[in-house]
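Structural description and commentary
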Amino acid sequence: MTTNLAAEMQAWVKGLLPELMGIEFTDVTPDKVVARLPVRKDLCTVGDNLHGGAIMAFADTLGAVVAILNMPQGARTTTIESKTNFIGGAPMGTTVTGESVAVHKGRTTVVCQTTIRSEEGKLVALVTQTQLVISAQRRP
């Protein structure tokens, strides 16, 4: 991968859910992935706060990137468990920031912890997820 992993990840998700949501990668390394998400009306609840499903999709995206950057070349990943604690709201018109770090980098799993914070730095959600590492298939 190139030295500008944030730009590379941004290009990689083009046309996929992360781009549709408006996720912007700002700092990407194998140890930490940081991104921003504008809280738009179409990502909100009836009460104009960021929807829990959008929060989970945001966190899942960041954790998946951490897993991808810590897997052997050719391997794939999928989320096998995700636990979200919703702490506070994020009103429409603001931007949240997510930061995901690997707390376990194993041969078969990567466990990530992602914090989602408001513009004021208040905790919106805390997400722990487990990513399964699927080995590259060898063909005879």
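Residues numbered from 1 in each chain as written. Predicted model: local features only at pLDDT ≥ 70, side-chain atom pairs only at ≥ 80, totals over all residues. Heavy atoms only, no water.

**Description of the pattern of salt bridges**
- In this structure the tally under the stated criterion is six salt bridges.
- Among the salt bridges present, the one from Lys14 reaches Glu19, with a minimum N-O distance of 3.5 Å.
- Exposure remark for Lys14: the relative accessible area of 59% places this residue in the exposed category.
- With its nearest N and O atoms 2.8 Å apart, the salt bridge here joins Asp31 to Lys105. Of this pair, Asp31 sits in the loop between strand 1 (24–28) and strand 2 (32–38) while Lys105 sits in strand 4 (residues 95–105), and the two are 74 residues apart along the sequence.
- You can call Asp31 exposed: its relative accessible area is 51%. (Salt bridge = Lys/Arg side-chain N within 4 Å of Asp/Glu carboxyl O. Buried < 20%, exposed > 50% of the residue type's maximum accessible area, 1.4 Å probe, protein only. Helix = DSSP H or I, 4+ residues; strand = E, 2+ residues; numbered from the N terminus.)

**Describing the sheet that holds strand 5 (residues 109–117)**
- Strand order in the open sheet formed by six strands is 1-2-4-5-6-3, with antiparallel pairing between adjacent strands. The sheet is open, and its two borders are formed by strand 1 and strand 3 (76–86), each paired with just one other strand. Shown here is a sheet whose adjacent strand axes are inclined to one another by a mean of 20°, direction ignored.
- Against the sheet, helix 3 (residues 52–68) touches strand 1, strand 2, strand 3, strand 4, strand 5 and strand 6 (123–134), its axis set at about 45° to strand 6. (Pairing = 2+ DSSP bridges. Axes fitted to C-alpha atoms, helices over the stretch in contact; angles between N-to-C directions. Contact = heavy atoms within 4.5 Å.)

**A short note on unusual backbone geometry**
- One non-glycine residue with positive phi stands out, namely Asp48, at about 60°.
- You can see Asp48 is positioned in the loop between strand 2 and helix 3.
- With relative accessibility at 27%, the residue Asp48 sits in the partly exposed group.

**With respect to the layout of surface pockets**
- The space that makes up the largest pocket amounts to roughly 190 Å³.
- Forming the walls of the largest pocket are Trp12, Val13, Leu16, Leu17, Pro18, Ala57, Asp60, Thr61, Ala64, Val65, Ile68 and Thr79.
- Those elements that place two or more of their residues in the lining of the largest pocket are helix 2 (17–21) and helix 3.
- Ranked by residue count, the leading element in the lining of the largest pocket is helix 3, at six residues.
- Taken together, the residues of the lining of the largest pocket sort by class into nine nonpolar, two polar and one charged. (1 Å grid on protein atoms, 1.4 Å probe; cavity = no way out; pocket = protein on both sides within 12 Å on 5 of 7 lines; lining within 4 Å. Points joined across faces, edges and corners; volume = space filled by probe spheres on them. Nonpolar A, V, L, I, M, F, W, Y, C, P; charged D, E, K, R; others polar.)

**Things to note about helix 1 (residues 5–12)**
- Of all the residues in helix 1, the buried ones are Leu5, Ala6 and Met9. Buried residues of helix 1 fall within an arc of 105° about the axis and therefore sit on the same side.
- Contact partners of the buried residues in helix 1: strand 1 and helix 3. (Arc of directions from axis to C-beta.)

**Comments concerning the environment of Pro38**
- Of note, Pro38 is situated in strand 2.
- Residue Pro38 is classed as partly exposed on the basis of its relative accessible area of 34%.
- Between the C-alpha atom of Pro38 and that of Ala90, which follows or precedes it by 52 residues, the distance is 9.8 Å.
- Look past the residues within four positions of Pro38 in its chain and what remains in contact with it is Gly22, Leu43, Thr94 and Thr95.

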